[in-house]
Amino acid sequence: MSTKSQQSQMNRGRIRIEGFDAEVVEKREPLSSWQPELQSEESKSRMYYAWRRFKRNRLALFGAAVVTVMVLLAVFARPWGELPEWLPVIGGMLLQPFSLAPQDPASQDILLGYQPPTVQHLFSWPPSGLHLFGTDWAGRDLLSRTLYGGRWSLSIGFIAVGVALLIGVPLGSIAGYYGGYVDEFIMRIVDMLYAFPFIVLAIAVITILGRGYWEMVLALVVVGWLSYARIIRGEILSVKQNEYVTAAKALGAKDRTVIIRHIMPNAMAPVIVQATLSVGSVVLTAAALGFLGLGLSPATAEWGVMLNVEQDSMARGNWWAGMFPGIALFLFVMAINLIGDGVRDAFDPQGDKRGSGGLR
Amino acid sequence: MSLQRFILKRGLITIPLLIGVSIMTFGMIHFIPGDPVDFITQFADLDPDVEDEIRSQYGLDQPVYIQYFNWMSDAIMLDFGNAITTNRTVSAEIADRLPYTLLMGSMAFLVTVITAIPLGIYAAYHRNTRIDQTSRVFALLGIALPNFWLGLILILVFSSYLGLFPVLPPTGEGLLSTDMIFYTILPAVTIGTGATALMMRLMRSSMVEELDKDYVRTARAKGLPEKTVIRKHVVRNSLISVVTVAAIQVAFIISGSVVVEVVFSYPGIGRLLVERVQTRDFPVIQALVLIIGVFVIFANMLADIIYAYLDPRIRY
Amino acid sequence: MALLEVENLNVRFYTEDGVVKATNDLSYQIEAGERFGVVGESGAGKSVTSLALMRLIDEPGVIESGEIRFKGQNLLDLEYEEMRQIRGNEIAMIFQDAETALNPAYTVGEQISEAIRVHLGLGEKAAKERALEKLESVGIPDAPQRYTDYPHQFSGGMQQRAVIAMALSCDPDLIIADEPTTALDVTIEAQILSLLEDICKETDTAIQLITHDLGVVAEFCERVMVMYAGHPVEMATVEDLYYNPQHPYTVGLMSSIPRIGDERDRLQTIPGRMPDLIENPPGCNFHPRCPYAEDVCTRMEPPLVDVETGLEQDELADTSQMAACLEHTGDLQKGLDYTVTVREESMHADGGVTDE
């Protein structure tokens, strides 16, 4: 090959190049209107980008809308929040004076039992006698009961998940961060509790504590904190290796500071996803407990309880008696799952996009 | 380390877990406010002497750890004492019902695996097409649907309205009679819907992850036929996550059966548990919780072993 | 006719953020048994080029136009089955990350044998024997034992050797090595490079080596193509490239290599950043970073031309030096103002080579 012969002509040796002057480039006016893309993605936080991606997800927004509507319906279903009398001016007033529910969900009238849904009195005011969803066996208006049911189910869901987070996250963080015996101990407990299907464990707790609202919340909390502890422990174990943690410690930061400021923000993402999805499953479990007669008392307008009470009548053809609480449950859980999926996709967009096809 | 040693190690780890679970189950009644004797006697007001007799009969006068030891040693022999509600032995009661739950659970499990895995694979391979998106919607529906409500609606539609299935289970027939198996279909489908939805989503997402892996690209670069690439390199690794989920499915199916058995008046242990909770029949409750816990632990262990078989990295 | 002829290859990726022009009118040739280097920064389109050769570009990427002629046949015209039979068989690929390129669930030996069975039609035993041969030829000791080992039981260097064995399994005519040594330490890198060189010489296999490491290029390659923003900006023999660079980007790259004994205070870099391939600067893509850029550079996109004649060539002779700078088409007013010093001698570059 002719290259080789050329080689003997050139002098080989160490090369130095002079004359490529970077300053010329930096100091001159841009020659064209082209601007280098500002690719400063790193400057904004992960949360910011996750929020932006979430906003673009239409299904997730739909879910959020549904949940918001349901929460509003639950909040405004009946008046509450009486302010203490001794406050000047506003004493004695209600924080929330509206009452969306057309009727008192407890007012019975056996004669009106099993009315199918009717729009008969839709345009009369006050809308008494109007039963948009029909009535149940005791003549109670199902629309009102369904609205009230939201208050029970949604509140149980959010409260149980909230408390479970407050227990699970710290415990998991401590286990992950400190390791050793602490880790072993906490994780053994988690493993043992995890061995039981959630509802079985919840039933066991209710057996011990008895029925009731807070008992149910407690049962759901005992069962619920496990996943958060595990997740955050796992995240912390992997993040702990990262160098910025070592750097913080080398700078003398307290353990607590290191955990809260450096590790948590990154580790929280999957926990948030799990928590969102958990709200749905907690609500379902609570309703299931109600359905089994292990929840609130049978007269309560809670969705699960309502379904329990109306089981047989549904089979006999009075379809509306159990339809609406079920639909409400379904809608809520569906919406929450859409949000949860949206949150998950927002934090990890690579999850489901079409493959990169080779582009790095 | 070979597979055998792994199984041994995994088994050893399970033992403390089992012990812990048994302690917890046993300890259940001792957390309840009140005197256990009162529950046994259903709060009847009895002579203190009679109560003492009952106390010693049930071993409640002995220190806790001795009680535990007695209970455990009996339990291993499957002797859980007598039920409070019916006066039969607990074991007899459970033995009556357990096969039914196993029947329903197996049907549900089979249905799930047969449906969810191919669907998940298909959806992942054709991701973002119409088919994929519809299947994801269905999966979402399946997860959100309350199983008891679904059961009620299925009864409403298929039993009451269409008359295809009987409303109540056949009585007097054996476990494996055609009538019984036929009746079990609806409950199995009810549980199966939720389980399939969960598993399909997982299969799909793990396949999607696999399809992007470098070794899949390498396999294609080697010129292997597409079928081989998918079957050998993609699916095999996806199955790893599926196996883990299958273990969760066991727990899921048990949870589901508790509720669904009540809906369908199905004679299984789920319904037994619920009934006896309402009557505070502790021997039965304890025994059931223990059995369920042990079962799930073993299912998880089995899943871990299969996982180790599929992924050599775990073993070494 | 060269073993591989790439002509006017255009690959586009239709992403959410816009259309990424990964390669633009890319043309080059590789002769049989030649060691050809592709150099550039990350994102310049080097990997895309190799994947395109194997037709492994997937959604959202599309090979829009151009031809890839391998042994005279246009690979882009082939049916999927025909292409599949070429992959791994006549053209093989070595990926950068050996660990993830190997499937952890199967033994290393199996992953080598499977290609042999598929392409050469050998039975299990024969395929295994051949695989063992290949394992030995890449310098893996105790091949029969290592055949039954899993990828995670291999060290980094061994894994890369195994990947090379996998690529060699069917005696390909062309090996595409995508940054095969980037993840390895220097001593292992030297071994792997020397191994590749031996293979190339013994079996007359051509190797297209992709890298961003100029040291590797100097060590290993015979001819080099420098890529910038999806365009080929210089193509030359290794000697010409180092001693007589003709494109400002190449010059910039060379001048930023730190040298022992350099009296300068600060490390030299090329200012600015490479464009993201979605919105490229008008005219010559390099002009915002080029110290010699003039107005004409923002208006005309320089074609890849022979530095001596200033003409584009249809027949790409393998020894000519080509660069894509308006200097060589005679359009620049002030020339390129740099000097290449070789120890005591110096060569002035003003749009041509002055022989001493």
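Residues numbered from 1 in each chain as written. Chains lettered and ligands numbered in written order. Predicted model: local features only at pLDDT ≥ 70, side-chain atom pairs only at ≥ 80, totals over all residues.

(A) View of the overall build of chain B. A tally of regular secondary structure across chain B gives 13 helices and 0 strands. Each helix and strand of chain B, ordered N terminal to C terminal, gives the series α-α-α-α-α-α-α-α-α-α-α-α-α. Within the span of chain B, comprising 316 residues, buried residues form 41% of the whole. For chain B, long-range pairs separated by at least 24 residues make up 73% of all intrachain contacts whose partners lie at least 6 apart in sequence. (Helix = DSSP H or I, 4+ residues; strand = E, 2+ residues; numbered from the N terminus. Buried ≥ 20, exposed ≤ 12 C-beta atoms within 10 Å, placed from the backbone. Contact = placed C-beta atoms within 7 Å.)

(B) Spatial organisation of the sheet that holds strand β4 (residues 61–70) of chain C. All names here are of chain C. A sheet is described by the order of its strands in space; here 4 strands give the open sequence β2-β1-β4-β5, paired in antiparallel fashion. On the outer flanks of this sheet lie β2 (18–30) and β5 (73–74), each paired with one strand and no other. Examined bridge by bridge, β4 and β5 share 2 bridges and lie antiparallel to one another. Across the sheet, Arg 69 pairs through a bridge with Asn 74, a residue of β5. (Pairing = 2+ DSSP bridges.)

(C) Molecular detail of the pairing of strand β9 (residues 223–228) of chain C. Residue and element names in this part refer to chain C. Across the 6 residues that make up β9, a large majority, 6, are buried. Judged by which residues are buried, β9 turns out to be covered on both faces: Arg 223, Met 225 and Met 227 on one side and Val 224, Val 226 and Tyr 228 on the other are all buried. Examined bridge by bridge, strand β3 (residues 35–39) and β9 share 4 bridges and lie parallel to one another. For Phe 36, the partnering residue across the bridge sits in β9 and is Arg 223. The pairing of β9 with strand β10 (residues 231–237) spans 6 bridges and is antiparallel. Bridging across to β10, Val 224 finds its partner in Ala 236.

(D) Representation of the sheet that holds strand β8 (residues 206–211) of chain C within the structure. Residue and element names in this part refer to chain C. Read across the sheet, 8 strands follow the order β6-β7-β8-β3-β9-β10-β12-β11 without closing on themselves; strand pairing throughout is mixed. Among the strands making up the open sheet, the edge pair consists of β6 (91–94) and β11 (305–306). Relative to β8, β3 is paired through 5 bridges, and the arrangement is parallel. Residue Arg 35 lies in a different strand from β8, and its bridge partner there is Ile 207.

(E) Quick look at the interface of chain B and chain A. Counting residues at the interface gives 39 residues for chain B and 37 residues for chain A. For the side of chain B that touches chain A, the elements supplying multiple residues, two or more each, are α1 (3–27), α6 (130–144), α7 (147–161), α8 (178–211), α10 (226–263), α11 (269–278) and α12 (282–310) of chain B. Of the residues assigned to the side of chain B that touches chain A, the class counts are 32 nonpolar, 6 polar and 1 charged. (Nonpolar A, V, L, I, M, F, W, Y, C, P; charged D, E, K, R; others polar.)

(F) View of the nonpolar core. Core analysis: the largest hydrophobic core is formed by 269 residues, its most contacted members being Val 200, Ala 202, Leu 220, Tyr 228 and Val 283 of chain A, Leu 288 of chain B together with Val 163 of chain C. Residues within four places of Val 283 of chain A in sequence aside, it is in contact with Ser 153, Ile 156, Gly 157, Leu 329, Phe 332 and Val 333 of chain A. (Core = buried A, V, L, I, M, F, W, Y, C linked by C-beta atoms within 7 Å.)

(G) Just the packing of α10 of chain B against α11 of chain B, in detail. Residue and element names in this part refer to chain B. Relative to each other, α10 and α11 sit at 85°, their axes nearing to 7 Å. Between α10 and α11, the crossing angle belongs to the class labelled roughly perpendicular. Contacts between α10 and α11 pair Ser 257, Val 258, Glu 261 and Val 262 from the former with Gly 270, Arg 271, Leu 273 and Val 274 from the latter. Grouping the amino acids of the contact of α10 with α11 by side-chain chemistry returns 4 nonpolar, 2 polar and 2 charged. (Axes fitted to C-alpha atoms, helices over the stretch in contact; angles between N-to-C directions. Parallel < 35°, antiparallel > 145°, perpendicular 65-115°, else oblique.)

(H) The packing of α6 of chain B against α8 of chain B, seen in detail. Residue and element names in this part refer to chain B. Where α6 contacts α8, the axes come no closer than 8 Å and their chain directions differ by 135°. If you check the angle between α6 and α8, you find them oblique. Two packed elements cross with a definite hand, and for α6 against α8 that hand is left-handed. Along its contact with α6, which presents Ser 135, Ala 139, Gly 142 and Ile 143, the element α8 presents Thr 193, Gly 194, Thr 196, Ala 197, Leu 198, Met 200 and Arg 201. Residues of the contact of α6 with α8, tallied by class, amount to 5 nonpolar, 5 polar and 1 charged. (Left-handed = near helix turned anticlockwise from the far one by under 90°.)

(I) Focus on unusual backbone geometry. Residues and elements named next belong to chain C. Look at Glu 179: it is not a glycine, yet its phi comes out positive at around 45°. If you trace the backbone, Glu 179 turns up in the loop between β7 (174–178) and α8 (186–203). The exposure class of Glu 179 is buried, given the 21 C-beta atoms found within 10 Å. Of note in the backbone geometry, Ala 229 takes a positive phi value of approximately 50° without being a glycine. Along the polypeptide, Ala 229 turns up in the loop between β9 and β10. For Ala 229, a count of 24 C-beta atoms within 10 Å puts it in the buried group.

(J) Molecular detail of helix α11 (residues 248–255) of chain C. The buried fraction of α11 of chain C amounts to 8 of the 8 residues, a majority that puts the element mostly inside the structure. Regarding α11 of chain C, the residues found buried are Pro 248, Tyr 249, Thr 250, Val 251, Gly 252, Leu 253, Met 254 and Ser 255 of chain C.

(K) Just helix α1 (residues 46–53) of chain C, in detail. For α1 of chain C, the tally of buried residues reaches 8 of 8 residues, placing the bulk of the element in the interior. Taken together, the buried positions of α1 of chain C are occupied by Lys 46, Ser 47, Val 48, Thr 49, Ser 50, Leu 51, Ala 52 and Leu 53 of chain C.

(L) The environment of Ile 17 of chain A, seen in detail. Within the secondary structure, Ile 17 of chain A sits in strand β1 (residues 15–18). Overall, the presence of 22 C-beta atoms within 10 Å leaves Ile 17 of chain A in the buried class. Ile 17 of chain A sits 265 residues away from Val 282 of chain A along the chain, and the two C-alpha atoms are 69 Å apart. If we ignore the near neighbours within four places in the chain, the residues touching Ile 17 of chain A are Val 251, Met 254, Ser 255, Tyr 338 and Val 340 of chain C.

(M) Spatial organisation of the pairing of β2 of chain C. Residue and element names in this part refer to chain C. With respect to burial, β2 is a largely interior element, 10 of its 13 residues being buried. By the bridge criterion, 9 bridges tie strand β1 (residues 4–15) to β2 in an arrangement that is antiparallel. Paired with Arg 12 across the strands is Lys 21, a residue of β2. The hairpin turn running from β1 into β2, its antiparallel successor, is 2 residues long.

(N) Examining the environment of Tyr 213 of chain A more closely. Residues and elements named next belong to chain A. In this fold, Tyr 213 is placed in helix α8 (residues 213–240). The class of Tyr 213 is partly exposed, set by 17 C-beta atoms lying within 10 Å. Separated by 61 residues in the primary sequence, Tyr 213 and Trp 152 place their C-alpha atoms 8.6 Å from one another.

(O) The arrangement of the confidence of the model for chain C in detail. Residues and elements named next belong to chain C. On average, residues of chain C carry a pLDDT of 82, and 90% of them reach 70 or more. Confidence scores differ between elements of chain C, with strand β14 (residues 345–349) showing the lowest mean pLDDT of 47 and β8 the highest of 91. Here residues 345–356 is modelled with pLDDT under 50, and outside its nearest four sequence neighbours on either side it reaches 21 contacts, counting other chains as well. On the interface metric, ipTM, the complex scores 0.82, and its pTM is 0.75. (pLDDT = per-residue confidence, 0-100.)

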